[in-house]
Amino acid sequence: MQAVLKDSGLKVTTQRCKLLEFLIQVDEQHLTVENIYQGLNAQGKSIGLNTVYRIMAHFEQAGLVVRRQFESENAVYELSGKPRHDHLICLTCGKLIEFADPLIDLRLWLAAERYGMSVDHHSLNIYGHCFDCKKKLESKSGR
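All of the points below concern the structure found in this document. (Residues numbered from 1 in each chain as written. Predicted model: local features only at pLDDT ≥ 70, side-chain atom pairs only at ≥ 80, totals over all residues. Heavy atoms only, no water.)

## Quick look at the nonpolar core
Let me state the cut-off plainly: The criterion is simple. A nonpolar core is a set of buried Ala, Val, Leu, Ile, Met, Phe, Trp, Tyr and Cys residues joined through side-chain atoms within 4.5 Å. Buried, partly exposed and exposed residues are distinguished by accessible area as a fraction of the type maximum, computed with a 1.4 Å probe on protein chains only: under 20%, between the cut-offs, and over 50%, respectively. Secondary structure follows DSSP: runs of H or I at least 4 residues long count as helices, runs of E at least 2 residues long count as strands, and numbering of each begins at the N terminus. Contacts: residue pairs with any heavy atoms within 4.5 Å of one another.
Among the nonpolar cores identified, the biggest contains 20 residues, and Leu19, Leu23, Ile36, Val52, Met56 and Phe59 are the most heavily contacted of them. Elements with a minimum of two residues in this core: α2 (14–25), α3 (33–42), α4 (49–62) and β2 (76–79). Among the elements that take part in this core, α2 stands out by supplying 5 residues, more than any other. In this view, Met56 contacts Leu19, Leu23, Val33, Ile36, Val65 and Tyr77; residues no more than four positions away in its chain are not counted.

## With respect to α2
Where we set the bar: Working rule for helices: expected span equals 1.5 Å times residues minus one.
Over its 12 residues, α2 extends 16 Å from the first C-alpha to the last, a length consistent with the 16 Å expected when each residue adds 1.5 Å. By the burial criterion, the buried members of α2 are Arg16, Cys17, Leu19, Leu20, Phe22 and Leu23. On the buried face of α2, the contacting elements are α1 (2–7), α3, α4, β1 (65–68) and β2.

## Comments concerning the pattern of salt bridges
Close approach of charged atoms allows side chains of opposite charge to pair. We apply this condition: Basic side-chain nitrogens of Lys or Arg form a salt bridge, by our definition, when they fall within 4 Å of a carboxyl oxygen of Asp or Glu.
Within this structure, the stated rule accounts for 4 salt bridges. Between Arg84 and Asp86 there is a salt bridge whose closest N-O contact spans 3.1 Å. The class for Arg84 is partly exposed, based on a relative accessible area of 34%. Owing to a relative accessible area of 0%, Asp86 belongs among the buried residues under this scheme. Here Arg84 ties to Asp105 by a salt bridge, and the two come within 2.3 Å at their closest N and O atoms. Taken as a pair, Arg84 in the loop between β2 and β3 (86–90) and Asp105 in helix α5 (residues 102–114) lie far apart in primary sequence, 21 residues in all. What emerges from the salt-bridge pattern is a single network uniting Arg84, Asp86 and Asp105.

## Description of the sheet that holds β3
Using the following cut-off: Note on pairing: two strands pair once DSSP finds at least 2 bridges between them. As a rule, the C-alpha atoms of each element are fitted with a line to give its axis, helices using only the stretch in contact, and angles between N-to-C directions run from 0 to 180 degrees.
Taken in spatial order, the 3 strands of this open sheet run β4-β3-β5, and their pairing is mixed. Both outer strands of the open sheet, β4 (96–99) and β5 (125–128), are each paired with one neighbouring strand and no more. Each strand of the sheet is rotated relative to its neighbour by a mean of 20°, with strand direction disregarded. Two elements, β3 and β4, share 4 bridges in a ladder whose sense is antiparallel. Counterpart to Leu88 in the pairing with β4 is Ile97.

Structure below.
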């Protein structure tokens, strides 16, 4: 943890090490600051909520995490360095699915080339209803 923090230009502190270790170990990759705070405290790693907010801002500035803002949700964070991907988000239950599609990537690059742009990064979030929620919605409406 210490080497990662140093390489990112951040001062090494016990709290930053605990938080980074938690982010690396946790299965869920889209966490709010509140999720991180609760998870740390559940593991007995007591860090104040304001401190978690502050550290996450530092991690974002240093490029250790990526902050994402999905429609009508709090910001979520994921570790940087993951392969490029897009998101499918259920408007009913909030289910979030990461996916990568080479055809979408190709179309983006072709569009950029056509209009004389270079692509540094992009964000694609597709909103809809997962099949489970869609079935529930249809059964309520009598379809």
